Amino acid sequence: MTPFTRRAPRRHALAISIPLALAAIALPLQAAAQQSTTTLDRITVTGSNIPRTDTETASPVQVISREQIDRTGKTTVGEYLQSLAIDGAGSVPKSFGNGFAGGGAAISLRGLGAGSTLVLLNGRRMAPFGLADDGQKVFTDLSTIPLDAVERIEVLKDGASSVYGSDAIAGVVNVILRTDFTGAVATVSYGWSGDGGGDQPKASLTAGTGSLTEDGYNAFFSIEAAKTDAIRLYDRRDRDWIGTGDIRRWGYGIGGNLPGRITGGGSNAGASPSGAIQNPITGRFESLPGCAGLSDVTPQDPAGGCLWDVARFRDLSPEEKYVNFFSRAAFAVGDSSELYMELGIANKQTVFQNTPSSASGAWGYPGGPVNATDPGPGAVVLGPDHPDNPYPGTANRLRYAAFDVGPRTTYNDSRFMRLLLGFKGTAGAWDYDVGYLHSGTDLTNERTGFLRYSHVKTVLEDPNSPVGWWRIGDDAGRNTKALYDYISPRIRATGRTRLDIIDAKATRSLADLAGGPLGLAVGAEYRRQSVLLTPQTYTDIGDIIGLGYSAYGGVEKVSSAYVELQAPVHETLELTGALRVDKYDGGETSTTPKVGVKWSPADWIALRGTYAEGFRAPNPAEAGTGGLAAFSTAVDPVRCAAPGHEEQDCQSQSIALITSPNPDLRPEESKSTTLGLVLSPWTGGSLALDAFRIKRTDEIFGGSADAAIAAGGANVIRGTNVIPGTPGSGSILAVLVGYENASSTTVEGFDVDLEQRIELGDAGRLRLDLQLTHISKFERVDVDGSVYEFAGTHGNCDVTNCIGTPKNKANFGATWEMDQFAISSVVNWRDSISNFAYEDSGCANTFANGDDAPGGCKLASFYTIDLSARWMPTEHWEVFGSVANLTDRVAPLDPLTYGAINYNPMDFSGAIGRYFTVGAKFKFN
C-alpha cells in the first residue's frame, strides 16, 4: 500500500493523503514535512491507533490489527468481519448455503446491504462474486482474500468515499495485505467442533526475499489451503432446538420446519415421504401408507398427515475447500521510483445439502407462475393407471416429498484472479502512482436432487413413460437408476464477472499554512465491469419444481476524476474537502462532495465531523437483461381475517416472488453526516464517540410483496383452497413485481471505540478494547408514504436472512501478554430484538396457545466468549490454540428467520457450540 504523510497535532507538518490509502482524508495522518513544503516524508499506516488524538482525522476509521484478528480464532476474513458490531442485516454468511449467493461471504455495514458496502484490497477494487445476493445485489466475496497475508483491516465508517467510489454509500472496508516480506513462515492448524462435524485442517506458507532499499527488489508470496467438513443440523439434535424442526416441546404448534401436515379439514396437505392423495369421493387429502417406516417424528399429525423433520437433511454449515494465493514483487527504479506487481488467485469449492424436493408446489419463471398444486392441467397427480394410486380410474392430486431421490445438494466452484501492475515514485514536487488492474471470477453452480416438472408428470401419469412408473413411498425401492436420472438431472448455472481499471493518482504540497503545509491530491480512473449469469438448467422454462429463476447480464463503464485538499489552517484546526465526478457510459453523471473538520484544542481532545454524498447506479441485475423468480415470506391478510381460519393462516408463509428488471430505474443517492469526539486524557488509552446519520433515497428494491398483496389484483396469484364463505381467500402462490425506486432509508446511531493499555510491571501488559454500535433509527419510507421502523425489531426481512436489526451490538476484547505467553478473550454481544417485522406491526409468531412468541415476542439477547492463547518459546516457532463459544451457549430459538433453522444467523456460534483450534507456526530466516 502506498505510504502517505500524516500530521501530528500541535506540530507544523503536512497532512495529506494519496489515493492508495483508504479514503485518504479519512485515514490517520501524522508525519513531519521534510525540509521544504514540496518534499514529504512518507510512512505506512500501522495497525495501532493509539494514541487516538495523534492519528484520528475527520472521518471515523476502525483500524484492526492482525493481532486482533488472531485472538478471535476466526479462520477467514469473512467470518471475522461478520462478527464486528458494525456489521448488520444484509451480510452474506457461509452458512446460508441455499441462498442465491451460496458459497460467497459479504459484509453489510450499517445494515444497508452488501451492495452498498465497498470492499477494497490494498486500496483497489476486486471483481464481484459470480452470484448476486437475492438475485440482485452484486458484492465482493471476502472468502477470496488470504487471511495469513493480511497485515490489517481498515473500516471507514462514514459512507460515500469521494476517493474510492461514490457507490460506497454504507462505508468502505479496506483489507491491507503485506507489502514486503523476507524469510519464511509456515503455519499449520486443525479445528474441530465439540459436538461433531466441522473438522478443518489448514496450512499456509509465506516466503519472501530481497530488500527494496539494499537489493533493489523484494518479492514474496503467501499461499493457504484448508478443507472444512460439513456440519449437519441433525448432528445437533441433542442441542435443544438447534438440530430439529420440531419445536412443539417448547410450546409451538406444527410449523413450516415440520412439513407433511394435513390442514383445513383435509382441503390441503403438505409434501410427505409417504405421500398424500386427494380422495376423489370426499375431495379431502389423506395419507398413503408407510409413514412409520419413513419418518421418526412423534407424535404424528393428529389430522392424519405424515410429518417429517427438515433437520434430518439440511446442513448447518457447508463442506468447503479453498486455496488462496497472493504474491507481490517490487523493483526499485532509480532513486525515487518503484515498479510493482500483485497477483492473487483463489479457488473455493462448497457443498451444501438441503431437504428433498417436493413433487408439487408453486414457483415462477419469466413466463409467469407455475401452479403444480391446484386442480387443473398443471397439477401433479397420480395417473389413473399408476400402481400406487388407491383410487384407480381417476387422476388424483398428489403431495410427495421425494426422500427416495435424496437431498437437494448445491455444488459451487468459484475461481478468482486479480492482477495489478503499477509504477509509483516521485517527480519533482509530486508523488505519483499509476496502475492497471484486471480481476475476474468464474463460477459454476451445479445442483442435484431437484425434480424436472415435465418428467415428473410423465412418470406419474403416462403408462408409456420411457423409464416406467415412479413408485413412491413404501414402493420407492422398485425404481431404477434410469428413472432417477430422468426425473432428477444434474443442473447447472454459470457466472462470470470481469473488472478492468486504469488509474493515476498524484499528491503534493502547495503552500505553508499556520498549521502546516496545504496538501493536494488528484486522481483519475477508468473502470469497466461486466457481469453475466446464465440461469439454472430448465428454470428459464419453469421446468424445475420449486426452484426460482435468476439470470442477468450487462456491462458498466465509468470514468472518474477527483480532487482533495487538506488544510491545517491552524495548529488546532484541520479542514478537508474532496470532490469526485463519476460518468457512467450511457447513463448518469454524478458529482459527490465530501467535507470534514477536525478541531484539537488540546493534545488530549479532538472534535470532528464530516458530510458526504453518495451515488449508486442500477447494476445489470436490476436494470439489464434477465430477471428473478425467488421465494419470500408473507402474511396473508385475507386468509387471516377470514372467519374459520386456522392458526397458520396468520403466520408467515412461503410464496413465489417474480421480479422483472427495469431499464428506467433512477440511481440511488445518499447523504451522510458524522459528528465525533476523541478523548485521550489518561495514559495509554483513548475513547472515540461518533454519531452518524445516513439517508439513502430512490432505493432500488424488488417490489414489495406485502404492498402487492395488500393491493390485490392480477399481480397476486392464489390457489383454489378458499376458506368457505370468503371468496378469493385461496393461499397465495405467487406475487408479480418489478424492480423499482421504492423507498428511502434513514439510519441513525452512534459508535463507541475504547482502548486502554495497562503496564503491569513484572506481570506483563494488559490491553482492553471495546467497540459498540447503537442504532437509534432505521426507518424506511415506501413510495406510497408507508413508514417502517426496523431498529430493535426482527426486520427488515426483505434482505438476506431476515436476521433483524438489534439496537446494540458490541465486541469487548482483552489481551494479557507476559514474556513468551499471551492470552486473549473476546466477547461478542447483540441486544435483544422484538419479534416484529417492524415497529408496532404485531408479533410475527405465536405459541400453540396463541401467546406471543418467543418470550413475550422478544428474541433474547445473546453473547459468546472466544478464548485464545499462544506460546513462543523461541523466536522461530509458536504454538497457539483457541476455543470459540467457550461457555457453549446455545443460540436462542428464533422461529422467524429464514436464513437458518430455529436460530438467528447472527448467533451462528451458538448453533455450532464449542469449536477448538490448535496449531503451530514456524519461522525461517
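Above this note sits the structure.
Residues numbered from 1 in each chain as written. Predicted model: local features only at pLDDT ≥ 70, side-chain atom pairs only at ≥ 80, totals over all residues. Heavy atoms only, no water.

K.L.:
Where do I start with the overall build of the protein chain in this structure?
P.N.:
Within the protein chain one finds 10 helices and 44 strands. At 29 Å, the protein chain has a C-alpha radius of gyration in line with the 29 Å of a compact globule built from 925 residues. Considering the protein chain as a whole, with its 925 residues, one finds that 60% of them fall into the buried category. A fraction of 70% describes how many contacts in the protein chain between residues 6 or more apart in sequence connect residues 24 or more apart. (Helix = DSSP H or I, 4+ residues; strand = E, 2+ residues; numbered from the N terminus. Rg over C-alpha atoms; globule rule 2.2 N^0.38 Å. Buried < 20%, exposed > 50% of the residue type's maximum accessible area, 1.4 Å probe, protein only. Contact = heavy atoms within 4.5 Å.)

K.L.:
For this particular structure, what's the right way to read the packing of aromatic side chains?
P.N.:
Think of a pair of aromatic rings as described by two things: how far the centres are apart, and how the planes are tilted against each other in angle. Following the criterion strictly, the structure yields 19 aromatic pairs and no others. Centre to centre, the rings of Tyr584 and Phe615 are 5.5 Å apart; their planes meet at 40°, and the pair counts as tilted. Of this pair, Tyr584 sits in strand S25 (residues 573-584) while Phe615 sits in strand S27 (residues 605-616), and the two are 31 residues apart along the sequence. By the burial criterion, Tyr584 is buried, and Phe615 matches it. For Arg110, the ring lying beneath its charged end belongs to Phe692, and the centroid distance is 3.6 Å. Between the NZ or CZ atom of Lys424 and the centre of the ring of Tyr340, over which it lies, the distance is 5.5 Å. (Phe/Tyr/Trp six-rings, centres within 6.5 Å; stacked < 30°, edge-to-face > 60°. Lys NZ or Arg CZ within 6 Å of the ring centre and 35° of its normal.)

K.L.:
Can you help me understand the state of the cysteines in this one?
P.N.:
Covalent bonding between the sulfur atoms of two cysteines is what defines a disulfide. The final tally for this structure, using the stated rule, is 4 disulfides. Each sulfur of the disulfide joining Cys797 and Cys802 lies 1.8 Å from the other. Accessibility expressed as a relative area gives 1% for Cys802, which makes it buried. In the protein chain, the bonded cysteines, numbered by position in the sequence, are linked as 1-2, 3-4, 5-6, 7-8. (Disulfide = S-S within 2.5 Å.)

K.L.:
Teacher, can you tell me more about the side chain of Ser193 here?
P.N.:
One can find Ser193 in strand S5 (residues 183-193). The residues touching Ser193, leaving out its near neighbours within four places in the chain, are Asp199, Arg236, Ile912, Arg914 and Tyr915.

K.L.:
Hey, could you run me through the side chain of Lys457 in this one?
P.N.:
Relative to the helices and strands, Lys457 resides in helix H5 (residues 453-461). Residue class for Lys457 comes out buried when judged on its relative accessible area of 16%. Within polar-contact distance, the side chain of Lys457 engages the side chain of Glu461 at 2.8 Å. Beyond its immediate sequence surroundings of up to four residues, Lys457 is in contact with Pro377, Gly378, Ala379 and Asp462. (Polar contact = N/O pair within 3.5 Å; in protein donor to acceptor, adjacent residues only side chain to side chain.)

K.L.:
Honestly, the sheet that holds strand S3 (residues 150-156) in this entry has me stumped. Any pointers?
P.N.:
Sheet strands line up and pair through hydrogen bonds in the backbone, either parallel or antiparallel. A sheet is described by the order of its strands in space; here 4 strands give the open sequence S1-S3-S4-S2, paired in mixed fashion. Two strands close off the open sheet at either side, each with one partner strand: strand S1 (61-65) and strand S2 (117-121). Pairs of neighbouring strands in the sheet enclose a mean axial angle of 15°, with direction left out of account. (Pairing = 2+ DSSP bridges. Axes fitted to C-alpha atoms, helices over the stretch in contact; angles between N-to-C directions.)

K.L.:
So what exactly am I meant to see when it comes to the pairing of S3 here?
P.N.:
Residues in a regular strand point their side chains to alternate faces of the sheet. For S3, the tally of buried residues reaches 6 of 7 residues, placing the bulk of the element in the interior. Where S1 lies against S3, 5 bridges are found, and the strand directions are antiparallel. In the strand pairing of S3, Ile64 is matched with Ile153.

K.L.:
Before we go on, may I ask you to explain a nonpolar patch on the surface in this structure?
P.N.:
A cluster of nonpolar side chains, contributed by Val188, Phe821, Trp871, Trp877, Val879, Phe922 and Phe924, occupies part of the molecular surface with about 630 Å² of accessible area. Contributions of two or more residues to the nonpolar patch are made by strand S43 (877-884) and strand S44 (915-924). The residue Trp871 is located in strand S42 (residues 862-874) in this model. Taking the relative accessible area as the measure of exposure, Trp871 reaches 37% and is therefore partly exposed. (Patch = residues over 30% accessible without salt bridge, like charges linked within 9 Å, V, L, I, M, F, W, Y side chains within 5 Å. Areas by Shrake-Rupley, 256 points an atom, 1.4 Å probe, with all protein chains shown as cover. Salt bridge = Lys/Arg side-chain N within 4 Å of Asp/Glu carboxyl O.)

K.L.:
Whenever I open this one, the environment of Asn464 confuses me. Can you help?
P.N.:
Within the fold, Asn464 resides in the loop between H5 and helix H6 (481-487). For Asn464, a relative accessible area of 65% puts it in the exposed group. Considered as a pair, Asn464 and Leu156 are 308 residues apart in the sequence and their alpha carbons are 65 Å apart.

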